[in-house]
Amino acid sequence: MENAVEIISVLGAALAVSVGAIGPALGEGRAVAAAMEAIARQPEAAGTLSRTLFVGLAMIETMAIYCLVIALLLLYANPFTG
Amino acid sequence: MDASPLAPDVLFMLGPVPISRAVATTWAIMVLLWGVLALAFRTGAPRGGALQSALEIVVTTIAAQLREIFDRDPWPFLPLLGSLFIFLVLANLAAVVPGVTPPTGHIETPMALGLIVFLSVHAYGLRARGTRRYLHHYLEPTPFLLPLNLLSELTRIFSLMIRLFGNMMSHEFVIAILALLAGLLVPVPFLLLGILIGLIQAYIFTVLATVYIAAAVGAVEA
């Protein structure tokens with residue numbers, strides 16, 4: 001098992017992306033649902049709501065992107081494989 | 001596909017300076033923008049041609065959007081934020097041209113743009129509020145939050161950079177994997193999705209930069 005570090009790194013990358021996608025997915029779902037409800041109640045505020053929604057979604061999905069970056073670091077710039 | 005997105009792929013050497021593909025694409029976009037602007041505004045007349053009118057519509061639309069966020073005169077900030085948005089749209093949609101990869105899909109271009117936003121947030125804030133009052137807003141609401149305020153200055157710019165980079169780069173990866181797995185027509189819907197992603201990311205980057213600058217000059221709370 002001289003390439004154990006590589007194997008564990010690939011598993012770690014897969015784990016980081018898969019687990020890291022769950023939370024932001026649930027959060028984005030709740031955010032979009034709330035925005036839909038708000039637009040249905042007040043269609044005249046749709047412009048402000050959708051702008052705030054986009055910014056908020058960007059904030060939420062940053063967490064998933066962080067996990068993606070960790071996975072990419074493990075795959076391409078792994079500090080432990082030399 | 002097997003090239004790392006974190007390492008620059010060097011196209012050629014300009015003397016001792018390596019020129020990466022992203023930098024060359026950025027230069028091409030700059031030349032294109034400069035050419036279109038020079039063509040549109042060559043007369044400088046108040047009532048120009050069709051191209052000048054079209055560009056004026058773009059500028060006034062961006063100004064109206066910025067006014068909604070700033071809630072004050074957006075024109076002092078328009079040169080930075082407007083050119084940021086237009087450059088990002090062109091850069092993110094560069095993949096539409098065959099053989100060109102978006103420069104925002106490599107880490108160095110988002111890093112440079114994030115640095116520009118980071119420096120201009122403080123420059124606008126210092127100019128609008130004065131040194132004393134600008135530095136004092138780091139002590140609000142209580143001085144105990146000073147480390148957190150300083151940390152958030154860094155992390156929000158870092159996340160701005162990583163968000164643009166991660167979205168553009170991951171989409172390139174998805175396209176590459178799809179092209180590897182399934183032949184000719186399967187990646188087409190994903191390429192269309194890429195146009196949407198590019199536009200949304202350009203919009204989000206600009207809106208977040210606007211919100212940060214608006215918070216620095218004291219227009220909104222953020």
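Everything below is about the structure printed above this text.
Figured I'd write up the structure that's included with this text. (Residues numbered from 1 in each chain as written. Chains lettered and ligands numbered in written order. Predicted model: local features only at pLDDT ≥ 70, side-chain atom pairs only at ≥ 80, totals over all residues. Heavy atoms only, no water.)

Section: the overall build of chain B
A tally of helices and strands in chain B yields seven helices and two strands. The N-to-C order of helical and strand elements in chain B reads β-β-α-α-α-α-α-α-α. Expressed along its principal axes, the backbone C-alpha trace of chain B runs to roughly 60 × 50 × 40 Å. Taking contacts inside chain B between residues at least 6 apart in sequence as the whole, the part at least 24 apart equals 63%. For chain B, the accessible area works out to roughly 12,400 Å², and carbon and sulfur atoms hold 74% of it. (Helix = DSSP H or I, 4+ residues; strand = E, 2+ residues; numbered from the N terminus. Contact = heavy atoms within 4.5 Å. Areas by Shrake-Rupley, 256 points an atom, 1.4 Å probe, with all protein chains shown as cover.)

Details of the overall build of chain A
Assigned secondary structure in chain A consists of two helices and zero strands. Over its C-alpha trace chain A gives a radius of gyration of 18 Å, far above what one expects of a compact globule, namely 12 Å for 82 residues. Its C-alpha atoms give chain A principal-axis dimensions of roughly 65 × 15 × 10 Å. The contacts in chain A between residues at least 6 apart in sequence include a share of 79% that link residues at least 24 apart. With an accessible surface of roughly 5,200 Å², chain A has 73% of that area assigned to carbon and sulfur atoms. (Rg over C-alpha atoms; globule rule 2.2 N^0.38 Å.)

Quick look at the layout of surface pockets
All names here are of chain B. When its volume is computed, the largest pocket comes out at roughly 840 Å³. In this structure, the largest pocket is lined by 35 residues; those nearest its centre are Gly82, Ser83, Phe85, Ile86 and Phe87. Taken together, the elements giving at least two residues each to the lining of the largest pocket come down to helix H1 (21-40), helix H2 (50-70), helix H3 (78-92), helix H4 (108-129) and helix H7 (187-217). With nine residues, H1 is the largest single contributor of residues to the lining of the largest pocket. (1 Å grid on protein atoms, 1.4 Å probe; cavity = no way out; pocket = protein on both sides within 12 Å on 5 of 7 lines; lining within 4 Å. Points joined across faces, edges and corners; volume = space filled by probe spheres on them.)

Considerations on the side chain of Arg156(B)
Mapped onto the secondary structure, Arg156(B) falls in helix H6 (residues 146-181). Not counting the four nearest positions on each side in its chain, Arg156(B) is found in contact with Val121(B) and Tyr212(B).

Thoughts on helix H2 (residues 46-76) of chain A
Over its 31 residues, H2(A) runs 42 Å from end to end, which matches the ideal 45 Å to within 8%, given 1.5 Å per residue. Where H2(A) bends most, the angle comes to about 30°, and this point is Thr62(A). All of the buried residues along H2(A) are Arg51(A), Val55(A), Leu57(A), Ala58(A), Glu61(A), Thr62(A), Ile65(A), Val69(A), Ala71(A) and Leu72(A). On its buried face, H2(A) is in contact with helix H1 (4-41) of chain A together with H2, H6 and H7 of chain B. (Expected span 1.5 Å × (residues − 1). Bend = angle between axes of the 7 residues up to and from the residue. Buried < 20%, exposed > 50% of the residue type's maximum accessible area, 1.4 Å probe, protein only.)

Without other data, these values stay purely geometric and don't point to any function.
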